[in-house]
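Overview (structure and organization)
Below, each chain spelled out in residue letters.
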Amino acid sequence: MSPTTPRSHPFPASSAFSTFSADRRRFLLGTAAALGAGAATALGLPGTASAAPAASAASAATGTLYIASDSTAQTYNSGYYPQAGWGQTLPAFFSSNITVANRAIGGRSSRSFVEQGRLAAIHQVIKPGDYLFVQFGHNDATVGNAERYTPPADYKEYLRNDYIRATRARGATPVVVTPVSRRSYNASTGQFNVSFPAYVDAAKAVAAEEGAPLVDLSALSRAYLNGIGIEASKNVFLWLNPGQYPNFPNGVSDDTHFQQNGATQMSRLVAQAVARLGLPLSGEVKPATL
């Protein structure tokens, strides 16, 4: 899914490991030690971090919005233009009070983002009043890839313990984002399918159980795609003709990743949803977005 080659990990694809097994705890403690003091708490290990309430709606609406996600949200350099992720285009929809720190990177699942210390790196710098938007599911669902695959039940517990509770323990507000839709549709009805339904359901369930803000980007993106239709959706995803862009001389037909227009539309949907959440951040969505 990404130009970045992911690193290996110790779990085989067929392993039905427990989310908080002794092996996983030892692995995370090792990651924490490598990242420095305080990282164990940042990783949200059992017994090292307790849940704290989300930021109050009365808090100052300033701070940093961090994004933990995959290639559908990541920022691409000019060598990949017009490919873009929704996290890359999100800053345009918020006031200058909000800094967007897009830490999304291709090829990562909810599990590998933790195992590689990427979430710990965010937790080392996140502050009270900041936000962590977390969207995974695309890579978690890749059963044949040992590094990425994370069963829905484990995905749910990673969201709960590592992303929601450990972020709250730092005084910041986690926002769960359901996995954005792919260009997958029913040719008979012309309607777009729910992408990664088990992960969408797990994300919605854990957000409800933990009282975490939810952006249902799965539903929002699907409604948008249904509205514009199958053919027009090629202008959302990375469907490019040969010779159209120097970075893709042979063209490409990609039903997962976005071109600049599509990324902008997805980030607009995210911002519009944030405006309805009743968070301090909600007031920082630019009026023109609504």
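This part takes up the overall build of the protein chain. The helix and strand inventory of the protein chain stands at 9 helices and 8 strands. The 290 residues of the protein chain split such that 52% are buried. Taking the intrachain contacts of the protein chain between residues at least 6 apart in sequence as the baseline, contacts between residues at least 24 apart amount to 75%. Counting only carbon and sulfur atoms, one obtains 52% of the accessible surface of the protein chain, whose full area is about 11200 Å².

To continue, consider the nonpolar core. Formed by 33 residues in total, the largest nonpolar core has its most connected members in Leu 65, Ile 67, Trp 86, Phe 94, Phe 133 and Leu 281. Secondary structure elements with two or more residues in this core: strand E1 (63-68), strand E3 (98-102), strand E4 (131-134), strand E5 (173-177), helix H8 (217-228) and helix H9 (260-275). Element by element, the count of residues in this core is highest for H9, at 7 residues. The contact partners of Leu 65, leaving out residues within four places of it in the chain, are Leu 90, Phe 94, Ile 98, Thr 99, Val 100, Ala 101, Tyr 131, Phe 133 and Leu 281. In terms of nonpolar packing, the next biggest core, distinct from the first, is built from 27 residues, Ile 122, Leu 132, Val 176 and Ala 203 among them.

Here we take up the packing of aromatic side chains. Taken as a whole, this structure holds 7 aromatic pairs when the rule is applied. When the ring of Tyr 81 is compared with that of Tyr 245, the centres are 5.9 Å apart and the planes differ by 80°; the resulting orientation is edge-to-face. Here Tyr 81 is found in the loop between E1 and strand E2 (83-84), whereas its partner Tyr 245 is found in the loop between strand E7 (237-240) and strand E8 (252-259), with 164 residues between them in sequence. Classification of Tyr 81 as partly exposed rests on a relative accessible area of 43%. Each ring, one from Phe 136 and one from Tyr 163, has its centre 5.7 Å from the other, and the planes form 50°; the classification is tilted. Taken together, the positions of Phe 136 in the loop between E4 and helix H6 (152-168) and Tyr 163 in helix H6 put the pair 27 residues apart, joining distant regions of the chain. We note that Phe 136, like Tyr 163, is buried. Each residue in the set Phe 113, Phe 136 and Tyr 163 is aromatic and connected to the rest through ring pairs, giving one cluster.

Spanning 12 residues, H8 covers 16 Å between terminal C-alpha atoms, matching the ideal 16 Å at 1.5 Å per step. By the burial criterion, the buried members of H8 are Leu 217, Ser 218, Ser 221, Arg 222 and Leu 225. Projected down its long axis, H8 shows its buried positions confined to an angular sector of 125°, all on one face. On the buried face of H8, the contacting elements are helix H3 (86-89), E5, helix H7 (197-210), strand E6 (214-215), E7 and H9.

Time to look at the sheet that holds E8. In sheet architecture, strand pairing relies on hydrogen bonds along the backbone and comes in two forms, parallel and antiparallel. The antiparallel open sheet is built from 3 strands, whose spatial order is E2-E8-E7. The sheet is open, and its two edges are formed by E2 and E7, each paired on a single side. Sheet topology note: the E2/E8 ladder contains 2 bridges and is antiparallel. Across the sheet, the residue bridging to Ala 84 is Phe 258, located in E8. Strand contacts of H9: E2 and E8, with the helix running at about 35° to E8, the strand carrying the most contacts.

The interhelical angle for the contact between H8 and H9, taken along N-to-C directions, is 125°, at an axis separation of 10 Å. The angle between H8 and H9 falls in the class oblique. Remark: the crossing between H8 and H9 carries right-handed chirality. Counting all contacts with H8, which are made through Leu 217, Leu 220, Ser 221 and Tyr 224, the residues of H9 involved are Gln 265, Met 266, Leu 269, Val 270 and Ala 273. Considered class by class, the residues forming the contact of H8 with H9 number 7 nonpolar, 2 polar and no charged.

Moving on to the side chain of Ser 69. Tracing the chain through its elements places Ser 69 in the loop between E1 and E2. Ser 69 gets classed as buried once you look at its relative accessible area, which sits at 0%. Among the polar contacts listed, one links the side chain of Ser 69 to the backbone oxygen of Gln 135, at a separation of 2.6 Å. Look past the residues within four positions of Ser 69 in its chain and what remains in contact with it is Ala 104, Ile 105, Phe 113, Gln 135 and Phe 136.

The subject of this paragraph is unusual backbone geometry. That bond from Tyr 81 to Pro 82 is cis: its omega, 15°, falls within 30 degrees of zero. Structurally, Pro 82 can be placed in the loop between E1 and E2. A positive phi is found at Phe 196, a non-glycine position, where the angle reads about 55°. One can find Phe 196 in the loop between E5 and H7.

Calculation criteria
Residues numbered from 1 in each chain as written. Predicted model: local features only at pLDDT ≥ 70, side-chain atom pairs only at ≥ 80, totals over all residues. Heavy atoms only, no water. Helix = DSSP H or I, 4+ residues; strand = E, 2+ residues; numbered from the N terminus. Buried < 20%, exposed > 50% of the residue type's maximum accessible area, 1.4 Å probe, protein only. Contact = heavy atoms within 4.5 Å. Areas by Shrake-Rupley, 256 points an atom, 1.4 Å probe, with all protein chains shown as cover. Core = buried A, V, L, I, M, F, W, Y, C linked by side-chain atoms within 4.5 Å. Phe/Tyr/Trp six-rings, centres within 6.5 Å; stacked < 30°, edge-to-face > 60°. Expected span 1.5 Å × (residues − 1). Arc of directions from axis to C-beta. Pairing = 2+ DSSP bridges. Axes fitted to C-alpha atoms, helices over the stretch in contact; angles between N-to-C directions. Parallel < 35°, antiparallel > 145°, perpendicular 65-115°, else oblique. Left-handed = near helix turned anticlockwise from the far one by under 90°. Nonpolar A, V, L, I, M, F, W, Y, C, P; charged D, E, K, R; others polar. Polar contact = N/O pair within 3.5 Å; in protein donor to acceptor, adjacent residues only side chain to side chain.

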